[in-house]
Amino acid sequence: MEILIISGLSGAGKSKAASFLEDMGFYIVDNMPAAMILKFAEFCAGGNGRYDRVALVYDVRTASSFTELFDVLDQLKSMDGACRMLFLEASPETIIKRYKETRRRHPLSGDTTSLAEAVEKERAMMAPVRARADCVIDTTHTSTAQLRAELLRLFDGKDEKAGLAVSVTSFGFKYGLPMEADLVLDVRFMPNPFYIDELRHQTGLDAPVAEYVFGFPQTGSFMKKLEDLLSFTLPLYAEEGKTSLFIGVGCTGGHHRSVAVTHALAEYIRGLGYQTAENHRDISRGG
């Protein structure tokens, strides 16, 4: 079992980090008091693998005693499994700016006379927690995409490719565009196997149809240019924090050309190291 304690300064990005970690497979619990962490860890250990990766958000609102938290950390580290603590911080100017933009109330506002004083007070209070952290991320100049990439590196052992899932789907224009598509490719310029009697009732997944479609030089040139485009753009999508990309490949009926190209394209993208799903929306429609 893996337990991650997420702590840090208010406004430094704990909620965003928790959301990204949830996408990575962590079970997230927000604002859990230190006194309950051990019991919750015992509960998770008996969960038959359901709670193998748990992230607990701990901040100044739940802190009655940091000594209690440190005792819990020591006990967790002595148990089977991994236990680490992540601390997020940002400069006072950045935190103040974020609070002004969101118009939210700082947790220590009731005990101080200004937002700046609340930010400085929390920084001083949380200093012992920061000192015990296994990982510290300063989000002052960190974009959302960069934060996600750093979390992937630290807690998933993978690069940005692991965070981008690509879905490639064939479709027929006669049945309408897939509404969820990010990119739409039109392959109706390719010679149509529909007009070949022995190929008409087959699909692009059948070898004779695929051989026909890819037997023309324009198909080969198109695929090469498309592969160059995707090898250039997919890392950029991943770097910007995009978690899913839907590529639609369309021909007239969604039986032949689009199916063959979709299958080849999915294999190429999978070979680049991305999680790839291949679907054929209209392959069974229209007879």
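Residues numbered from 1 in each chain as written. Predicted model: local features only at pLDDT ≥ 70, side-chain atom pairs only at ≥ 80, totals over all residues. Heavy atoms only, no water.

Scanning the chain from terminus to terminus reveals 10 helices and nine strands. In terms of overall size, the chain is more extended than a compact globule, its C-alpha atoms giving a radius of gyration of 26 Å where 287 residues would be expected to give roughly 19 Å. Expressed as lengths along the three principal axes of its C-alpha atoms, the size of the chain is roughly 80 × 45 × 30 Å. A total of 287 residues make up the chain; the buried ones form 45% of that total. A separation threshold of at least 6 residues defines the contact pool for the chain, and within that pool the share at least 24 residues apart is 77%. Accessible surface computed for the chain: about 14,500 Å², of which carbon and sulfur atoms make up 51%. The positive charge centre, built from 32 side chains, and the negative charge centre, built from 38, are 4 Å apart in the chain. (Helix = DSSP H or I, 4+ residues; strand = E, 2+ residues; numbered from the N terminus. Rg over C-alpha atoms; globule rule 2.2 N^0.38 Å. Buried < 20%, exposed > 50% of the residue type's maximum accessible area, 1.4 Å probe, protein only. Contact = heavy atoms within 4.5 Å. Areas by Shrake-Rupley, 256 points an atom, 1.4 Å probe, with all protein chains shown as cover. Lys, Arg positive; Asp, Glu negative; His and termini not counted. Charge placed at Lys NZ, Arg CZ, Asp CG, Glu CD.)

Burial of nonpolar side chains together is a common tendency in soluble globular proteins. By size, the foremost hydrophobic cluster in this structure holds 51 residues, and its most contacted members are Ile6, Leu56, Leu86, Leu151 and Phe155. Residues contacting Leu56, with those up to four places away along its chain left out, are Ile3, Leu4, Ile5, Ile6, Val29, Met32, Ile37 and Phe40. (Core = buried A, V, L, I, M, F, W, Y, C linked by side-chain atoms within 4.5 Å.)

This paragraph deals with helix α4 (residues 92–102). Within the sequence span of α4, burial applies to Pro92, Thr94, Ile95, Ile96 and Tyr99. On its buried face, α4 sits against α5 (115–125). In the stretch just after α4, Arg103 is the one whose phi turns positive, near 60°.

Before going further, it helps to spend a moment on the pairing of strand β8 (residues 244–251). Counting buried positions along β8 yields seven of eight residues, so the element is predominantly enclosed. Of the pairings in the sheet, the one linking strand β7 (residues 183–186) to β8 comprises four bridges and is parallel in character. Paired with Asp186 across the two strands is Gly250, which belongs to β8. (Pairing = 2+ DSSP bridges.)

Under the defined criterion, the tally for this structure stands at eight aromatic pairs. Each ring, one from Phe43 and one from Tyr51, has its centre 5.5 Å from the other, and the planes form 40°; the classification is tilted. Exposure remark for Phe43: the relative accessible area of 48% places this residue in the partly exposed category. The ring of Phe173 carries the charged tip of Arg188 above its face, separated from the ring centre by 3.7 Å. Positioned above the aromatic ring of Tyr175, the side-chain terminus of Arg285 is 4.0 Å from the ring centre. (Phe/Tyr/Trp six-rings, centres within 6.5 Å; stacked < 30°, edge-to-face > 60°. Lys NZ or Arg CZ within 6 Å of the ring centre and 35° of its normal.)

In short, shape yes, function no, at least from these values alone.
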